[in-house]
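The lines below spell out each chain.
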Amino acid sequence: MERDSILETPRLVLEPLFEKHAEVLFESLQDENIYKYIEENPPVDLVALKKRYKVLEKRLSPNGEEFWLNWAIKEKSSNDYMGIIQATVYKDLRANLAYIISPNFWKKGFTNESCIRILKLLFTDYKVHEVVANVDINNFASQRVLEKLGFKKEKNDLYVGDYFYVLKS
């Protein structure tokens, strides 16, 4: 499995997320615009972000039933880190997909490019049959990204104010 491997796309390097990535991502994750449509806040401080990434770098939930796949996204041409992409793979071969990208890199196709690479990994290496993304009903940019990737919008009765986007193999 490539969960500990560096992944590449034409313009990006996806590095398995480690504690050390907190230092290169902290500043870009402070932008309030990132959190307009997600139920997270900017990292409180560098120590807290390092602690979070230290837990995630295990790549496995404490009960061993979920793969926690997280990558730091870096642009090849500038070596700038732009955010993270993450997938949780469940025993029933379903997965969740999420991403956080710095606004400095929005509207350049980087989110789409990184998602394509992760989806290939999920369907090929992990043999998932379904990937779900949860998106705020007002986050039109993420909705467009997911629709471009082939995800279909489904009714969401669990989270009022969000859509489920589903992609099946």
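Look up: the structure comes first, before these words.
Residues numbered from 1 in each chain as written. Predicted model: local features only at pLDDT ≥ 70, side-chain atom pairs only at ≥ 80, totals over all residues. Heavy atoms only, no water.

Caption draft 1: Structural view of the overall build of the chain. Counting its secondary structure elements, the chain contains 4 helices and 8 strands. When the elements of the chain are put in sequence order from the N terminus, they spell out β-β-α-α-β-β-β-α-β-α-β-β. Relative to the 2.2 N^0.38 estimate, which gives 15 Å for 169 residues, the radius of gyration of the chain is 15 Å and therefore close to what a compact globule would have. Across its three principal axes, the chain shows a C-alpha extent of roughly 35 × 35 × 35 Å. Pairs at least 24 apart in sequence give 58% of the contacts found in the chain among residues at least 6 apart. Of the roughly 9,400 Å² of accessible surface on the chain, 51% is carried by carbon and sulfur atoms. Put simply, the chain has 25 plus and 26 minus side-chain charges, and the middle of one group is 4 Å from the middle of the other. (Helix = DSSP H or I, 4+ residues; strand = E, 2+ residues; numbered from the N terminus. Rg over C-alpha atoms; globule rule 2.2 N^0.38 Å. Contact = heavy atoms within 4.5 Å. Areas by Shrake-Rupley, 256 points an atom, 1.4 Å probe, with all protein chains shown as cover. Lys, Arg positive; Asp, Glu negative; His and termini not counted. Charge placed at Lys NZ, Arg CZ, Asp CG, Glu CD.)

Caption draft 2: Quick look at the sheet that holds strand β8 (residues 162–168). Pairing within the open sheet is mixed, and its 8 strands lie in the order β1-β2-β3-β4-β5-β6-β8-β7. Whereas interior strands pair on both sides, the edge strands pair on one side only; in this sheet they are β1 (7–8) and β7 (152–154). Bridging between strand β2 (residues 12–16) and strand β3 (residues 66–75) involves 5 bridges; their strand directions are antiparallel. Bridging across to β3, L14 finds its partner in I73. (Pairing = 2+ DSSP bridges.)

Caption draft 3: Examining the pattern of salt bridges more closely. Applying the stated rule across the entire model yields 8 salt bridges. With a closest N to O distance of 3.2 Å, K74 and E15 form a salt bridge. You can see K74 sitting in strand β3 and its partner E15 sitting in strand β2, a full 59 residues away along the chain. You'll find K74 and E15 in the same group, each marked buried. (Salt bridge = Lys/Arg side-chain N within 4 Å of Asp/Glu carboxyl O. Buried < 20%, exposed > 50% of the residue type's maximum accessible area, 1.4 Å probe, protein only.)

Caption draft 4: Up close: the packing of aromatic side chains. Using the criterion set out here, one finds 3 aromatic pairs in the structure. On the basis of an interplanar angle of 65 degrees and a centroid distance of 5.4 Å, the ring pair of F67 and Y126 is categorised as edge-to-face. Of this pair, F67 sits in strand β3 while Y126 sits in the loop between α3 (110–124) and β6 (130–136), and the two are 59 residues apart along the sequence. Of the residues examined, F67 reaches a relative accessible area of 27% and is grouped as partly exposed. The buried category is assigned to Y126, whose relative accessible area is 5%. In this structure, R59 is placed above the aromatic ring of F18, and the distance from its NZ or CZ to the ring centre is 4.6 Å. Over the ring of Y163 we find K153, and its NZ or CZ is 4.3 Å from the ring centre. (Phe/Tyr/Trp six-rings, centres within 6.5 Å; stacked < 30°, edge-to-face > 60°. Lys NZ or Arg CZ within 6 Å of the ring centre and 35° of its normal.)

Caption draft 5: How the structure looks around unusual backbone geometry. One non-glycine residue with positive phi stands out, namely N79, at about 65 degrees. With phi around 65 degrees, L93 is a residue other than glycine that occupies positive phi space. If you trace the backbone, L93 turns up in the loop between β4 (81–90) and β5 (94–101).

Caption draft 6: Summary view of helix α2 (residues 46–56). The set of residues buried in α2 consists of L49, Y53 and L56. Seen along its axis, α2 keeps its buried residues to an arc of 55 degrees; they face one direction. α2 presents V47 and K51 as exposed residues on the side facing more than 90 degrees away from its buried surface. As for α2, its buried residues are in contact with α1 (21–25), β3 and β4. The N-capping residue of α2, defined by a side-chain oxygen 3.2 Å from the backbone nitrogen of V47, is D45. (Arc of directions from axis to C-beta. Polar contact = N/O pair within 3.5 Å; in protein donor to acceptor, adjacent residues only side chain to side chain.)

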